[in-house]
Amino acid sequence: MKKLAIFDLDGTLINSIKDLGIATNVALEKHGFPTHDEKAYNAFVGNGVNKLIERALPECHRDEATILLLKKDFKAYYDLHNLDYTRPYPGIESLLDELQKRDVKIAVASNKYEEAVKHIVTHIFPSTEWAMIAGQREGVPVKPDPSIVFEILSHTGIRKSDVIYIGDSGVDMETARRAGVESVGVTWGFRNEAELRNNYADHIVNVAEEIINLIG
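Residues numbered from 1 in each chain as written. Predicted model: local features only at pLDDT ≥ 70, side-chain atom pairs only at ≥ 80, totals over all residues. Heavy atoms only, no water.

A. Broad picture of the pairing of strand 7 (residues 182-186). The buried count for strand 7 comes to four of five residues, which makes it a mostly enclosed element. Here strand 6 (residues 163-167) pairs with strand 7 via four bridges, running parallel. Across the sheet, the residue bridging to glycine 167 is glycine 185, located in strand 7. A crossover links strand 6 with its parallel partner strand 7, the connecting element being helix 7 (residues 170-179), and its sense is right-handed. In this view, the connection linking strand 7 to its parallel neighbour strand 8 (residues 203-205) by way of helix 8 (residues 193-198) has right-handed handedness. (Buried < 20%, exposed > 50% of the residue type's maximum accessible area, 1.4 Å probe, protein only. Helix = DSSP H or I, 4+ residues; strand = E, 2+ residues; numbered from the N terminus. Pairing = 2+ DSSP bridges. Right-handed = clockwise from strand over helix to strand, strands pointing away.)

B. Inspection of the packing of aromatic side chains at higher detail. A complete count under the given rule lists four aromatic pairs for this structure. The interplanar angle of 85 degrees and the centroid separation of 5.3 Å between the aromatic rings of tyrosine 41 and phenylalanine 44 together place this pair among those described as edge-to-face. The burial state of tyrosine 41 is the same as that of phenylalanine 44; both residues are buried. The interplanar angle of 20 degrees and the centroid separation of 5.2 Å between the aromatic rings of phenylalanine 74 and tyrosine 78 together place this pair among those described as stacked. One end of the pair, phenylalanine 74, and the other, tyrosine 78, are both in helix 3 (residues 64-81), four residues apart, so they sit about a helical turn from each other. (Phe/Tyr/Trp six-rings, centres within 6.5 Å; stacked < 30°, edge-to-face > 60°.)

C. Structural detail: empty space enclosed by the protein. Considering all chains together, one arrives at two cavities of 30 Å³ or more under this definition. If you go around the largest cavity, you meet 19 residues; those closest to its centre are Asp10, Val45, Gly46, Asn47 and Asn111. When contributions to the lining of the largest cavity are tallied by element, the ones reaching two or more residues are helix 2 (49-56), strand 4 (105-113) and helix 7. The greatest single-element share of the lining of the largest cavity, amounting to three residues, is contributed by strand 4. Here the residues of the lining of the largest cavity are counted per class, giving six nonpolar, six polar and seven charged. As a volume, the second largest cavity reaches approximately 40 Å³. Lining the second largest cavity are Ser110, Asn111, Gly135, Gln136, Val140, Pro141, Val142, Lys143 and Ile148. (1 Å grid on protein atoms, 1.4 Å probe; cavity = no way out; pocket = protein on both sides within 12 Å on 5 of 7 lines; lining within 4 Å. Points joined across faces, edges and corners; volume = space filled by probe spheres on them. Nonpolar A, V, L, I, M, F, W, Y, C, P; charged D, E, K, R; others polar.)

D. Representation of the pattern of salt bridges within the structure. For the structure shown, the criterion picks out 15 salt bridges. Its salt-bridge partner being arginine 102, residue glutamate 98 comes within 2.8 Å of it at the nearest N-O pair. Residue arginine 102 is classed as partly exposed on the basis of its relative accessible area of 33%. Across the pair lysine 118 and glutamate 114 runs a salt bridge whose closest N-O atoms are separated by 3.5 Å. On the criterion of helical spacing, the pair formed by lysine 118 and glutamate 114 is a turn pair, its members being four residues apart in helix 5 (residues 114-124). Residue glutamate 114 is classed as buried on the basis of its relative accessible area, which comes to 14%. The network of salt bridges with shared partners includes Glu114, Lys118, Arg137 and Glu151. (Salt bridge = Lys/Arg side-chain N within 4 Å of Asp/Glu carboxyl O.)

E. Geometry of the nonpolar core. Grouped together as the largest cluster of nonpolar side chains are 51 residues, with contacts concentrated most on Phe7, Leu13, Phe74 and Leu99. With residues up to four places along the chain from it excluded, the contact list for phenylalanine 7 reads Thr12, Leu13, Leu95, Leu96, Leu99, Ile106, Ala107, Val108, Ala109, Ile166 and Ile211. Core analysis: the second largest hydrophobic core is formed by 16 residues, Ala109, Ala134, Val149 and Leu153 among them. (Core = buried A, V, L, I, M, F, W, Y, C linked by side-chain atoms within 4.5 Å. Contact = heavy atoms within 4.5 Å.)

What follows is the structure, given as structure tokens:
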């Protein structure tokens, strides 16, 4: 039986694409750049805010100074509006409750900046006891670098063989592979099943309840 379940956040536990898209569009529009439809953001997210903004900008304006300028405006808006439309996916709350009943520790490993991760997670899942909530911080490389997973393993003292990592993207599957832990790709998130298979997901699930069977 697995002792620790590490979850990606956006696209795995929560559907946050609308709030992410609106915040990015606010920053783009403020500086005269074209905005995007909500669906376009499915392909932009997954590697942190800097990469999100870089992908949303026209190619000829993807310099570091412009990215950092828009990031400041993105955060100013997103910090106030990151719960406007963001909600947990169907079955997630019941899944987390069941994991707790089975004494499985639960953690979050996200490429979103950590202040927002902790704010969102604690507000949307107030009854969940988290072993660790980890987001993007200065000096810690973003996923698929496995550093964030290693930090959670060190904090909990749980062996790799007792861990399962759940995410919705190729980035997540590669993170798990590099960390040497078992991976689960979910099909309800921002990416498609082909991306999960192409990045060697150990398991693929279509509904949250299926994860319980993989815990053992």
